[in-house]
Structures are given as structure tokens and as C-alpha cells.
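# Summary of the model geometry
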Amino acid sequence: MTDSKYFTTTKKGEIFELKAELNSDKKEKKKEAVKKVIASMTVGKDVSALFPDVVNCMQTDNLELKKLVYLYLMNYAKSQPDMAIMAVNTFVKDCEDPNPLIRALAVRTMGCIRVDKITEYLCEPLRKCLKDEDPYVRKTAAVCVAKLHDINAQLVEDQGFLDTLKDLISDSNPMVVANAVAALSEIAESHPSSNLLDLNPQSINKLLTALNECTEWGQIFILDCLANYTPKDDREAQSICERVTPRLSHANSAVVLSAVKVLMKFMEMLSKDLDYYGTLLKKLAPPLVTLLSAEPELQYVALRNINLIVQKRPEILKHEMKVFFVKYNDPIYVKLEKLDIMIRLASQANIAQVLAELKEYATEVDVDFVRKAVRAIGRCAIKVEQSAERCVSTLLDLIQTKVNYVVQEAIVVIKDIFRKYPNKYESVIATLCENLDSLDEPEARAAMIWIVGEYAERIDNADELLESFLEGFHDESTQVQLQLLTGIVKLFLKKPTETQELVQQVLSLATQDSDNPDLRDRGYIYWRLLSTDPVAAKEVVLAEKPLISEETDLIEPTLLDELICYIGTLASVYHKPPMSGPPLTTSSVQMGAVDLLGGGLDSLIGGTNFVAPPTAAVPASLGAPIGSGLSDLFDLTSGVGTLSGSYVAPKAVWLPAMKAKGLEISGTFTRQVGSISMDLQLTNKALQVMTDFAIQFNRNSFGLAPAAPLQVHAPLSPNQTVEISLPLSTVGSVMKMEPLNNLQVAVKNNIDVFYFSTLYPLHILFVEDGKMDRQMFLATWKDIPNENEAQFQIRDCPLNAEAVSSKLQSSNIFTVAKRNVEGQDMLYQSLKLTNGIWVLAELRIQPGNPSCTLSLKCRAPEVSQHVYQAYETILKN
Amino acid sequence: MSASAVFILDVKGKPLISRNYKGDVAMSKIEHFMPLLVQREEEGALAPLLSHGEVHFLWIKHSNLYLVATTSKNANASLVYSFLYKTIEVFCEYFKELEEESIRDNFVIVYELLDELMDFGFPQTTDSKILQEYITQQSNKLETGKSRVPPTVTNAVSWRSEGIKYKKNEVFIDVIESVNLLGLAAGEGAGCLLTTPHIHPQVNANGSVLLSEIVGTIKLKVFLSGMPELRLGLNDRVLFELTGRGKNKSVELEDVKFHQCVRLSRFDNDRTISFIPPDGDFELMSYRLSTQVKPLIWIESVIEKFSHSRVEIMVKAKGQFKKQSVANSVEIAVPVPSDADSPRFKTSVGSAKYVPERNVVIWSIKSFPGGKEYLMRAHFGLPSVEKEEVEGRPPIGVKFEIPYFTVSGIQVRYMKIIEKSGYQALPWVRYITQSGDYQLRTS
């Protein structure tokens, strides 16, 4: 006889009938009735109306019946809080039952009834159960403290349960210890600042001892808890590692990954010269490889984590390339991850094998996988210089297959190879041009146009090729239109005689017939450049391009370190740090984006718990613009702030009247919508009229110069004051000054010439397009040597991240990304100076702490000090 | 830290049963799961982790059921997947098979188990043998007094109960080695044997092994009384080096994984495998070796496709193991185009069968002695109108079993059994080598 019969009663008066049965005198009938109720509940029917009748069955010595009633209570207590009180007495009684199974059941269930009124009654039974003689009850009570804390944290603190829970860490029973650790970790998570776990060498020792004795799950709780500990020195780190390494031999993959997390984190503290360091490295590889034999979902988690591990410590798996070879029956998500790791492990030593595999994959049938394999070949070419030639010839072979998406993907990556190795593989251009007609994807078309434009002088019919695209100009995507515009301008600059007409055509298409502001602006810029100064145009358009970096998709080092601490968790799978507090994305919703994207936003963002959508399964490819539509949107909203202009200091006296025969000059600098000006206030404190004003600057660090003459319209009478705004440009002569922001000024009037010098705040030089894209930011940050980094403290700045960010943004310091790390807000910011120098910043803000830490990285480190001062000025005003 | 709730859904995504462990994610969120899964599948971006707003779904599929865990925190994903697999294992041991029917038939016990397996998102007791001691299917027997928590649940030895008695104390040890191989089937040598002069230009002249590894498991069947202490001795190279026995006849195990009963720190210290075993069947350990071994069964193949007319297949299999050994139940699965028809076969030994639902020819050889070489030819017709979609090129798969033999050379040197009552117990050892994931790509 099975339980399925309970699902079958669907008569009209069901509830009524059940009610009668529940109140039956016969035990057996009662139990049957409760089973029917639970069956109805299981299929989603509302049986809450039976609450009092079911609760009446609670007092029973039949354990199965009791469990069912408890189950019912957990489901419906919240909807019937007043009646739930009825159950309290039985709970309290059951907590004192001679049978530990019932005591535990009662305390476990009580914690799941999330009704405020009940929690008060829970305290006394819980206190007893925490000290119960039976470990099964104690381990259940330990978890109950976490449950209660979730409902009423204050109550738990007031009742001293946290201390009792801490005591349980020293319990004689390993399962009790494990659950106490789990409960404390859970509670600590919601109070990051509290020192709940109070990890010290003694408690760590207890945990390590319990590690050997508790269940696999308990081992995971303990290992995850250990990972939060910071050993006091390398010796302690090593001794913990030594005691954790045996866990790598556990059959449960989750135990292994949690052990890997502890080891990877503590390894940071070990000196690389230590013998033990090498031993540990060697010990890590085999278990990581074995994880690839686990169930596919666990393989996926393992692969996403291995992806982090090979970035952090490539030496661990550098000889294990082959285990990442893709098998025919691997699920697609495993295939894609393996491919990614293969590229990361590719080196001169194994490139031949890797290429042979990639070529094999490129002839498979799964389109996504094939595309990624083709891209991977391109990435190998860029990463391993010696292999570039072989990669190019492999790509040409693939182009010969004429499979449409393979050809297009190959062309996109060949463009990247050209950027990395200019003037080396142009011989293949002819082959590429043959496939021009088959390209229907914007990215491939844009790549092809770029190649034609870039190498126009070597392609005889470059003009014909580009012209062929021009016919359907308005149907092309923006990406292609922009590329076509640039491509034709390049062609014109290289072969001006034959292509005048073509360039005219594209310029007018771009400027007159297009609604796209980007396209129009670029068109106008080219047009003006070409018409005013063809030589300058050549210098601008045909300028040498910066080389693309080898690995554009590396995770930024600080983020990587953070993610290493999250090995095994969702964060490590998404490659995004977990967020605490309101997610970044909601702010954009409030700013009106909701109307644009509507409900689509949710799905776009994916886990709002994480900073960005979980597109991680398909990591951004090389050269592809990382900013999606969404980030453009952020740019849009951020643009609003810039209109209000940069911070303006109050005017200060630059030239006292005493020193200038009665002329007093005070002033300040402003920057508004891209133009810098010097706001002056001239006061005549002499007795005679002043006329014939003029101003001149000495050469200075950033080429500041007056963009117009100093215009004082009427003669300045005695005691009269005039306000003048003098526009400045940054195209003057440059000479490095000491200090860097020193400006020497000469002012002349009918009386004399006066000299003074002033220091301008650097932020007037921060340009409006100083927002770096994320990807670029990561690459640049990595690229700038560490010795260029400068760190400053900004004290007494009690602002939150939001306010800081918006304040700085109005002075053109842009927040590229924001994260929350262990309760601290990290802002990643970029700014660009008028002379093109980029400054990258990391601003760490601790809530509740008025000081924040500013780290600056710049290729010209001498500006850092002044950028810091700018930060100070902007933030404190 | 872990799951907020666990659901079992039918194939259409309808919840069959669920348990809310933490109450921080609304149970109704599960409605988003199936649409999301379908959408991702269509996009070709299906992954074991899906998210909808703040809710993350971690899911696995078992026969026609989905097991889904929800969370809105940064949960330990590997723990959740391990737990879901463990849950399936427990249900399977309780109900033989886990399917829609068995859930419905046993919903009361499923609820009981879900209550015992996890508490507030923390996995608790997941050992089905121990669970069966206090959660039984004959629920009506469970009157008070009888149902007590077995002390085992919270013991350090949480996998074995006390007071087990056998008349005859015995342990059966099975050493099973699976060979995983990813290779490229050779073509040329076989091509010469073809009567047709057409040799495909892309035929790979020399086959090669891209990746080969041995995954071994040691399984125990334990019929021992009391609380016995066992020690297993293997010809482990590290152990031999530690004890100064030299490398002779020892095997280098690259990675070893143990059942939770084995004292890991002891193994880490002096490579001793010591443990108190659970009762009955269990897997004591598994190990992995990536030492290159000669492929036990080597395949040469020529698959020639003449578009719009026919496919000619020629496969040669060679037993590359000791002459004294015999491979049993050999099955060689050769892919054929999905639109192939009218099969004809010729084999030098064994029989060939066309399995259209898998698009393969399976060549079965009951007994394949070492050193021998056999041949199979197959001929298929192809329709004159070609199919539109491109087909993948699945590899040739090989299955086999070679008893009384381990490819790695691993040996059980001793099994010491000590119990305080001092009984004599007998260990029995069997060795077998079999195919694991054994695939050969064809060109």
C-alpha cells in the first residue's frame, strides 16, 4: 500500500470531511486524515482552514503523526500567527520528552516557525536543549540559534545564546562542533563587523582537530570558516596548511574545493623560497585534475574555479593541458569552460597540441563552441608570439572550409592578429577579400573594413571594396558605419587622388543623413580635420595604434584575490564578487532606466546579488567591446552630472594691492562643460583710473594659455571692481614647473607690469571623456608598474560611496566600477588630463570611518600628489 | 551558506514536493525556473546555475526529475551540488528508483528524509544506512520507545553502528580499473586492407593517443562483526620509498580519494590506509594514474562517405594486452550518418548490429584474447537527397572487461583485520580492468 492514495480525494466537501476525520476518536483515522491534509498541501491546495483541527492532533505519542503535524505547522503558522500560539505548549512539552529524537524534532521545528510571538516561548526550551545530554539534540539546538537569530537578532544577543553557541565549539562531539561553526558563520555573515567567530590559534586548533572527526558536511563548514581566518605569520599559515592538505584526498568534491580555498588563500603568506611552498603547489594539481571526473555540475563549478586558480598561480596546472581536452559527450557548458582554460594554459611548450585540438573543435557542429574555438586560435596567436604564423595558417585553412560563421569569426580574430603584429601577415589579405560577400555579421564586416582601410595602400581595389559597402550605408549597424567612415578616410589619406569623391560621399552620408550623434560627430571631426590641415589629419587618423595587450580577459588582480577567497561559492562561478547592501543596478532603475528597459532589466542583470550579469559562461572575447547596451546607459545617466561643472574654489587674493601699485587681483579657476576659465576679480585700490589691461602666462606644465585677450571694457575707476572670466586653452607652450601646477602670470595695465604666481587645482584639467571602459581599466591597471602606485589618506570625509562618486563625477573623476569588499566600498575611478595622461584610482571607503584610502596609478607618477589634492578639495567642499 | 529551499520538480517543472529550509526566498520563485531553463536551452547557454533576479537556481536532473536548490546568498555551490547528488543517492536506496511515482508513493517518508538530510541549509546526516535505522518505511512500527536516535548519528564513527554480528567474518575486495582514453583512430594501415582504391585524402596515417588515464576504485563488501579495525596494504610507490623497499613492482598513484571512514591525516603522514568500515557494500577509495599505457584495444578505421550513394566502414581492432588474458563483452560502437540505410556487415569474429536510434553500428565480440586482431566491414546506403543540417563527427566508442588483471599493476598486498573479540576473518580479492570513457576520434 503506497501513500499515493492520499492524493486522490477530490470530493466537494473535502475540507469539511477532513475536519470530521481529524476530530475522530480513532488514532488510525486521525493519522490518515493528517496524511490527506499533507497530501493536499503538497499539491498546492490551501488547507490552512484546518489549522486548529490539525494542531489538535499534535499531542500524540505517534512519531510519524507528530512529524506530519509539525510539517503542517511550519507551512501555515505564518498565515495563522494567533492560532500558532496554540501549539506552543506542546512544543515546550516535547522539548522535555524523554526521547531525544522528539526533543530535537521540537526544537528544530520551533525554529522554523517564523512567528514573532512564538520566538519568546522558544528561548527557555532552546536554552535547555543547548545543554542537553544527547549530542543529537545539541547539534539541532546549535542550528536553531542561527534560525532564531534570523528572526530576532536582538533576542538572541540578549538571551546570551551567542556565548552558549561559542562554547559549543569546544563540545566533545564533532557534529555539534560542526553545526556550531556553521551557525556562527551564518550569523557572522549578517554582522560582518562583529568578531563573533573570534578565531585565534587556540580555537583554530580545536577546529582542526574536529576536522578529522566530523562528517563530510561538517568538514566543509569548518574549512569554509578557516578560510576566513588570517594567520598571524607564515609559520602558522604553514601549520594550518599541513593539517588541511589531507582533506584533498576526500571523496566529496565539495570538501576538496573548500580545502583548496584554504590552501590557496594561506599560500599567499608563504614565502616562495620555502620548500613547503613548492610541495604544496605539487599537491594541489592532482586533486584539481580529479575534480574533472566528477558529475558534470561539479565539474562546471571546478572548471570555473580552476579558471581563477590558473590566473592566480599558473604554475600549478601548467603541465596538465591535456586533461582539459574536450570530449565529444561533454555538456556544452563544460566544453566552453575547458576551452577557456586551455587558452590560459597555452604556452610555447604546448602550443602545437593546443592548436591541433582547436582546429579539431572548429570543425564540430555546435555553433557557439565552434566560434569560440576559432576565437581561441586568435587568442593563442596573440598570446604565444612564436605560434602566430601557425595560427594564421590554421585560420586560413578554416576560411577555406567556407562555413559561413567560421569564416566570419576567423576574420574578426585575424584583425586582432594584425593589430598585434602589424605588417607581418598582410599576404593573407587577398584570401580574406575573397570572402567579402559572405560576411553578414556586423562584427565581421567591421573587421574586414578595418583591415581594408588599414592596409589600403597594399590593396589595389581598396576603393572598390569599400565603395561596395557604401551602397547600403544606412542599413548597416553603427559599428560598421563608424568603421566604414574611418576606413574611407584612411584610404583617402593614403590615396588622395583617386578617392576624393568617395570620401565626400561618406562624409556627407555620416554628417547629413545620419541620426546617430556618434557617427555625425566623428564625420564632422574628420571633415574639419581634412579641410583645415590634411597633415594633421594624417597624424591623427593614421597615428600609430597602441598594441593590444596579450590577455584582455584577465581578471583584475584585486578582484582575483577576492574571488580566490570565495572558491567553491556562487561568486567563484559567476566570477563576480558578492554584493552586500543594495545592488549597484537598482540605482540605475531609479534614475529612469526602468522606462527604457522595462521588465527586461531584470533578466539582463541576472543575479542582482552580483555586480554584473552572469554572462560569465561566455567570457568576453578579444577585441569585442565589453560595454553592452546597459553600460552605455550608465554612461548616459552619468553624463547628466557633468553639466553642473567641476568644483570651484572661492576666489583668493593672488596679487595684493600693495604689490601692484593699487591693483588687487583675486581669482579662481573653473571648468565647465569642457572649457577652462580663470575667473578674475580686479579691484582698483589706487587713486587713478586703470586702463589697457593685458595678461600673459609663462610656459607651464600643461600648456595653459589665455584663449582670448583680457577684456576690461571700460576703464577701471578708483574703488571700482570688475569681474572677468578669462577663457583658457591648453595648447600653449609646455615647460615642466615646480610644483607641477604652478602658473606664473604677468598682468599689465597703464601703470606697470605685475607678476605673480598661483597654483591651479589639477581638476580643471580633468576632461569630460575621462571614463575608461572597464576592460581597459583592468588592463591598464595591470600594465602600470606597481612602483608607480601612490597611496594617500583622505581624512575627515564622512561621505558614503554614492555621494563620493557623484561628487567626484561632477569634476570629471569617473567611477568605472564599484564593489563591496568585506563591508568596505571600493570605487574604481579614472580620469584623463588635458594632455592625455590617464590616472587610475582606487578609493576605499569604510562605512562609519571618516577616512578613506586613495590609491593612484599613473604612468606619470609625478601628477599623483596633485590628483590627490584635487580629490581632497573636491570631497571636502 | 547553502540552499534556502530544495524542490523536486517533474519534467514539466511542476513541483512534486519541496522543503523550505530558510524562508529567505519565496517558494513561489520556483515558477521562474522552467521558463528560464527553456530559454537558456534555446539560446544554447544552458548551465547548471541559473538566476532570476536575486534568486539563484542550482539544479541537476535525474531521470525525469529536476532537483533544484534555491538561494539568494553567496552559497557554497559545490556543497549544494554534492548535497543534491547525495539526496538522490539516499532516495534511490530507500525507493530503489527515484521517479515521479516513487515520490508520490512515499511522500511522507520523503518529507521525513528532507527534514533529516538538511537543517536551515546545512546538510546533516546523509548516510542512508544510518538513516534507515531510525527512518523506516514500515512507519506504523514507529511507536514511541522503539524509535530512538541511533548513537551512530552523532558519533565520530557516524557510518557504522555497534553490535553488528556475523557467523562468518569475511571481506570481499574488488579492485576495478577503468581506462579512459581519448585517441585518434589510425587510418592508413587499415586502408591497405580495403579492396576499394579510394582512400580518403584526410585519413590519418598514424593513430595517436591524446590522453589516457586509469581511474581505479577499490570496493569492499564487508561482513564483519563488531567494530573492526582494518588496514589495507597496496604496492604504493610512495609507501615503498618511505619504507626503503625500492621502486620495484610498485605503482605511483597520482591522486587518491577516500571514503570518509579512512583516517586521512594518517594516510598523509605515513601512507597507511586504516579505517573502521561501514557494514556491507561501499567504495573504499579511488585513485587516478595518468601514466601512458598502451591502449588495450587499439582501433584502426576507415570510414568513407560517398555522398548521395553509400558509406563504407572498415574497422580493425587489436588486443594489445597479454596473450594469457581475455577481454570479455567487447563492444565497438562506430558512428554512421543518421540518414544511412540498408546496412550490410561482415565480421571476422563476433556480430555487428545497426542501432539506428543511436546512429551507430555495434560490433560485439564475446571473447577477445590478447594479441589478436579482428576485422569488421560495414556498408550503408545513403539517400540521393542530402540532409540539410550538418552532423557532428562522433568518436568510435569501445567497451570491454578484462578480468584477473589490472593495467596499472596495482596489488593488494594485505588486508589486516583486527577486532577486540579476536576473530579470524578472511579477505578475498578480485581484479578487473574495464573500459571507462574510451573514445577514438575518426578523421
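All figures in this text were calculated on a predicted structure; none of them were measured in a lab.

## Thoughts on the pairing of strand β2 (residues 663-672) of chain A
All names here are of chain A. A large share of β2 lies buried, amounting to nine of its ten residues. With three bridges connecting them, strand β1 (residues 652-655) and β2 associate as antiparallel partners. When the sheet's bridge partners are listed, V653 is paired in β2 with S666. Where β2 lies against strand β3 (residues 675-684), ten bridges are found, and the strand directions are antiparallel. Bridge pairing in β3 links I665 to L682. Counted between consecutive antiparallel strands, the loop separating β2 from β3 contains two residues, among which V673 sits at a positive phi close to 45°.

## Quick look at empty space enclosed by the protein
Sizing a probe to match a water molecule and rolling it over the atoms shows the empty space that remains. According to the stated counting rule, one finds twelve cavities of 30 Å³ or more in the structure shown. When residues of the lining of the largest cavity are traced back to their parent elements, those giving at least two are α19 (351-361) of chain A together with β23 (426-441) of chain B. Looking at side-chain class alone, the lining of the largest cavity contains six nonpolar, four polar and five charged residues.

## With respect to the pattern of salt bridges
As enumerated under the stated definition, the model contains 68 salt bridges over all chains in all. For B:K22, the salt bridge goes to A:E186, with nearest N and O atoms at 2.4 Å. On the criterion of chain membership, the pair formed by B:K22 in the loop between β2 (15-20) and α1 (33-43) and A:E186 in helix α11 (residues 174-190) is interchain, its members lying in two chains. Residue classification places B:K22 among the buried residues on the basis of a relative accessible area of 5%. One salt bridge in this structure joins A:D340 and A:K372, with 3.6 Å as the shortest N-O distance. Separated by 32 residues along the polypeptide, A:D340 in helix α18 (residues 332-345) and A:K372 in helix α20 (residues 367-383) bring together distant segments of the chain. Residue A:D340 shares its accessibility class with A:K372, and that shared class is buried. Here the salt bridges share partners, and the residues they tie into one network are A:R371, A:R375, A:E409, A:E441 and A:E443.

## Here's the deal with the packing of aromatic side chains
To describe a pair of aromatic rings, one takes the distance between the centres and the angle between the planes. Within the structure shown, the criterion is met by 32 aromatic pairs over all chains. Ring geometry for A:F221 and B:F122: centres 5.5 Å apart, planes at 65°, overall edge-to-face. In this pair, A:F221 sits in helix α13 (residues 216-226) while B:F122 sits in strand β7 (residues 122-123), so the two residues belong to two different chains. Under the relative-accessibility criterion, B:F122 is labelled buried at 0%. An angle of 65° between the planes, with centres 5.6 Å apart, marks the rings of B:F33 and B:F57 as edge-to-face. Here B:F33, found in helix α1, pairs with B:F57, found in strand β4 (residues 55-62); they are 24 residues apart in sequence, far enough to count as distant. We note that B:F33, like B:F57, is buried. An aromatic cluster of at least three residues, connected via ring pairs, comprises A:W654, A:F669, A:F756 and A:Y760. It is B:R245 that lies over the ring of B:F240; its NZ or CZ is 4.8 Å from the centre. A cation over an aromatic ring shows up here: B:R310 above the ring of B:F306, its NZ or CZ 4.0 Å from the ring centre.

## Side note on the nonpolar core
Ranked by size, the top nonpolar core spans 282 residues in total, and within it A:Y72, A:L317, A:F324 and A:F418 carry the most contacts. A total of twelve residues in this core trace back to one element, the largest contributor, which is helix α2 (residues 77-95) of chain B. Beyond its immediate chain neighbours, meaning those up to four positions away, A:F324 contacts A:L292, A:L303, A:I306, A:L317, A:K338, A:I341, A:M342 and A:L345. Counting residues in each nonpolar core, the second largest holds 74 residues, with B:L253, B:L289, B:L296 and B:F400 among its members.

## Things to note about the side chain of B:N180
Residues and elements named next belong to chain B. With respect to the helices and strands, N180 occurs in strand β8 (residues 170-184). N180 sits in the buried class, given a relative accessible area of 13%. Non-local contacts of N180, meaning those with residues more than four positions away in its chain, are made with L211, S212, E213, V215, G436 and D437.

## Considering the side chain of B:S161
Residues and elements named next belong to chain B. Counting through the fold element by element, S161 comes out in the loop between α5 (128-134) and β8. Separated by 2.3 Å, the side chains of S161 and E133 make a polar contact. If near-sequence neighbours (up to four positions away) are discounted, S161 is found in contact with I130, E133, T152 and M227.

What counts and what doesn't
- Residues numbered from 1 in each chain as written.
- Chains lettered and ligands numbered in written order.
- Predicted model: local features only at pLDDT ≥ 70, side-chain atom pairs only at ≥ 80, totals over all residues.
- Heavy atoms only, no water.
- Buried < 20%, exposed > 50% of the residue type's maximum accessible area, 1.4 Å probe, protein only.
- Helix = DSSP H or I, 4+ residues; strand = E, 2+ residues; numbered from the N terminus.
- Pairing = 2+ DSSP bridges.
- 1 Å grid on protein atoms, 1.4 Å probe; cavity = no way out; pocket = protein on both sides within 12 Å on 5 of 7 lines; lining within 4 Å.
- Points joined across faces, edges and corners; volume = space filled by probe spheres on them.
- Nonpolar A, V, L, I, M, F, W, Y, C, P; charged D, E, K, R; others polar.
- Salt bridge = Lys/Arg side-chain N within 4 Å of Asp/Glu carboxyl O.
- Phe/Tyr/Trp six-rings, centres within 6.5 Å; stacked < 30°, edge-to-face > 60°.
- Lys NZ or Arg CZ within 6 Å of the ring centre and 35° of its normal.
- Core = buried A, V, L, I, M, F, W, Y, C linked by side-chain atoms within 4.5 Å.
- Contact = heavy atoms within 4.5 Å.
- Polar contact = N/O pair within 3.5 Å; in protein donor to acceptor, adjacent residues only side chain to side chain.

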